[in-house]
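Spelled out from the first residue to the last, the chains are:
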Amino acid sequence: MVTAGLEHGWDVGFLPDGKALVTQRPGKLTLLSSTKPGATATTVQADFGDLMARSEGGLMSLLVHPAFATNRRFVTCQTTQADTRLITWRLAEDGTRAERTGELLTGIPVSSGRHSGCRMELANDGSLLVGTGDAARADSAQDRNGLGGKVLRIDLETGGPAPGNPFATSANPRERLLWTYGHRNVQGLVKRLGTDQVFSAEHGPDVDDEVNLLRPGGNYGWDPSRGGTVGGYDEDVPMTDTKRFPDAVTATWSSGSPTEALCGAAFLSGPSWGDLDGVLAVTALKGSKLLLFSLDAAGAVRQVSTPAELNDTHGRLRGARLGPDGALYVTTSNGEDDKLLRISR
């Protein structure tokens, strides 16, 4: 364990000097003196005055800018009363405060805080991938003119569409940001090291949490509006509706029943992991466990296992990031005395 005393720990970002930032959903940002057990935790003063911490929403994903050593920048994904948005920050040299410097992207839908998505990952080409939730709005996921229920691919500096996006020629500026659509609630997003593959981890309704291999322009088949033919938010539809959308991309792995509430995702990497080198690690909130997926070169799941040490031993597990030291860092999300765990082999 690196630290305790967190409240709904959500994400962790590693700084070049060995320190780390941790987001907590109620609107707290913590700087850790290191990623070693017993690290000192310091509250970072930051303006979260417009944050809406409700239901699943609040202060969520964090991404440290690749040039942090010179620009001190990082990005957060968070909910407000108006929308879900990406905020840019600059961390003070002494780490005691963060200055809010701008809004990288606004307009991701929000409702009560349900299905807030909000996972960020830096792609191999330097573009920013953002997984969003459908905000429990029936038409969000299939509406290519909106940003809910999508994976977005944007320019990290401008927030505009990244070059080569599948809908780059669209007349609608929001559609130009889309990389994939038809998602319910993207909670995990991770690139596979040494490849161009990117995987998402998503919450299903009563059945079928999914791990998906993302294909540019792909429709992942979630449509609780049934093509606009029903009122309300019909969660009896399939997670991937191949009858309504014959071209929908089917899941690489589906939980069936019961669901696990899949969340953060990270690939284990390095010789210290032994036969687990290259395995996809995915946290589970409801399942309170860590799932390990062995994949073939094409991204198909060959085996799924759960280490006993992380099977209902720490409560709800949320964030998952591979640290620069090769260890896996996992946040818990139980609501009080949450922890940042360091996992190695």
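Since the structure is predicted, the reported quantities are computational estimates derived from the model, not experimental observations. Each chain carries its own residue numbering, running from 1 in the written order of its sequence. With pLDDT at 70 or above as the cut-off, local features in this predicted model cover only qualifying residues; side-chain atom pairs require 80 or more to be listed or tallied, and sums for whole chains, interfaces and linings still use all residues. With hydrogens and water stripped out, all remaining heavy atoms of the structure feed into the side-chain values.

(A) Quick peek at the overall build of the protein chain. We count a stretch as a helix when DSSP gives it H or I for four or more residues in a row; a strand needs E for two or more, and each element gets its number in order from the N terminus. A tally of regular secondary structure across the protein chain gives one helix and 24 strands. Along the longest, intermediate and shortest principal axes, the C-alpha atoms of the protein chain span 55 × 45 × 35 Å. The long-range share in the protein chain, meaning contacts at least 24 apart out of those at least 6 apart in sequence, stands at 55%. Only carbon and sulfur atoms are counted for the fraction: they give 46% of the accessible area of the protein chain, which is about 13,300 Å². Counting 35 positive and 41 negative side-chain charges, the protein chain places the centres of these two groups 2 Å from one another. Residue contacts follow a heavy-atom distance rule, with two residues in contact if any of their heavy atoms lie within 4.5 Å. Using a 1.4 Å probe, the Shrake-Rupley method yields the accessible areas, and only the shown protein chains count as cover for residues. By the counting rule applied here, Lys and Arg register as positive and Asp and Glu as negative, while His and the ends of each chain are not counted. Where a charge lies is defined by one atom per residue type: Lys uses NZ, Arg uses CZ, Asp uses CG and Glu uses CD.

(B) Quick look at the state of the cysteines. Cysteine sulfur atoms are paired as a disulfide whenever they fall within 2.5 Å. Using the criterion set out here, one finds one disulfide in the structure. A sulfur-sulfur separation of 1.9 Å characterises the disulfide bridge that pairs Cys77 with Cys118. Between Cys77 and Cys118, the S-S dihedral sits near -95°, and the bridge is therefore left-handed. In this pair, Cys77 sits in strand 7 (residues 73-79) while Cys118 sits in the loop between strand 9 (98-108) and strand 10 (119-122), placing the two residues 41 residues apart along the sequence. The burial state of Cys77 is the same as that of Cys118; both residues are buried. No disulfide involves Cys263; its sulfur sits 11 Å from that of Cys118, the nearest cysteine. We call a residue buried when its accessible area falls under 20% of the maximum for its residue type, exposed when it is over 50%, and partly exposed in between, using a 1.4 Å probe and counting protein chains only.

(C) Broad picture of the sheet that holds strand 16 (residues 210-213). Following DSSP output, two strands are said to pair if at least two bridges run between them. In spatial order, the strands read 14-15-16-17; together these four strands make up an open sheet with antiparallel pairing. The open sheet is flanked by strand 14 (186-191) and strand 17 (253-254), the only strands paired with a single partner. Pairing between strand 16 and strand 17: two bridges, direction antiparallel. Note that in strand 17 the partner of Glu210 across the bridge is Ser254.

(D) Structural view of the nonpolar core. The nonpolar core is taken to be a set of buried Ala, Val, Leu, Ile, Met, Phe, Trp, Tyr and Cys residues, with the residues joined through side-chain atoms within 4.5 Å. In this structure, Leu86, Leu105, Met120, Leu128, Leu152 and Ile154 are the most contacted members of the largest nonpolar core, which totals 22 residues. Going through the elements one at a time, strand 6 (59-64), strand 7, strand 9, strand 10, strand 11 (128-131), strand 12 (150-154) and strand 13 (178-181) are the ones with two or more residues in this core. A per-element tally of this core places strand 9 first, with three residues. Dropping the residues within four chain positions of it, Leu86 is found in contact with Val75, Thr76, Cys77, Gly102, Glu103, Leu104, Leu105, Met120, Leu128, Val130 and Ile154. If you look at the next biggest cluster of nonpolar residues, it comprises 16 residues, including Leu29, Leu51, Leu62 and Phe68.

(E) Quick peek at the packing of aromatic side chains. Each Phe, Tyr or Trp ring, with Trp reduced to its six-membered ring, pairs with another whose centre is within 6.5 Å; inter-plane angles below 30 degrees give stacked pairs, above 60 give edge-to-face pairs, and intermediate values give tilted ones. Counting across every chain of the model gives seven aromatic pairs. Residues Phe167 and Tyr181 carry aromatic rings whose centres are separated by 6.2 Å and whose planes lie at 65° to one another, so their mutual orientation is edge-to-face. You can see Phe167 sitting in the loop between strand 12 and strand 13 and its partner Tyr181 sitting in strand 13, a full 14 residues away along the chain. Judged on exposure class, the residue Phe167 and its partner Tyr181 are both buried. Taking 5.7 Å as the distance between ring centres and 65° as the angle between the ring planes, the aromatic pair formed by Phe199 and Phe267 counts as edge-to-face.

(F) Broad picture of the pattern of salt bridges. Here a salt bridge means any side-chain nitrogen of Lys or Arg lying within 4 Å of a carboxyl oxygen belonging to Asp or Glu. Under the counting rule described, the total for this entry stands at 21 salt bridges. Asp83 is the partner of Arg85 in a salt bridge, and the nearest nitrogen-oxygen pair spans 2.7 Å. One connected set of salt bridges, linked through shared partners, spans Asp11, Arg119, Glu121 and Arg321.

(G) Structural context of the sheet that holds strand 13. Reading across the sheet, the four strands line up as 10-11-12-13 and stay open at both edges, with antiparallel pairing between neighbours. Two strands lie at the open edges of the sheet, namely strand 10 and strand 13, each paired on one side alone. Each adjacent strand pair in this sheet contributes to an overall mean axis angle of 15°, direction not counted. With axes taken as lines fitted to C-alpha atoms, and helix axes fitted only over the stretch in contact, angles between N-to-C directions fall between 0 and 180 degrees.

(H) Broad picture of the environment of Leu122. Here Leu122 lies in strand 10. On the basis of relative accessibility, which here comes to 18%, the residue Leu122 falls in the buried class.

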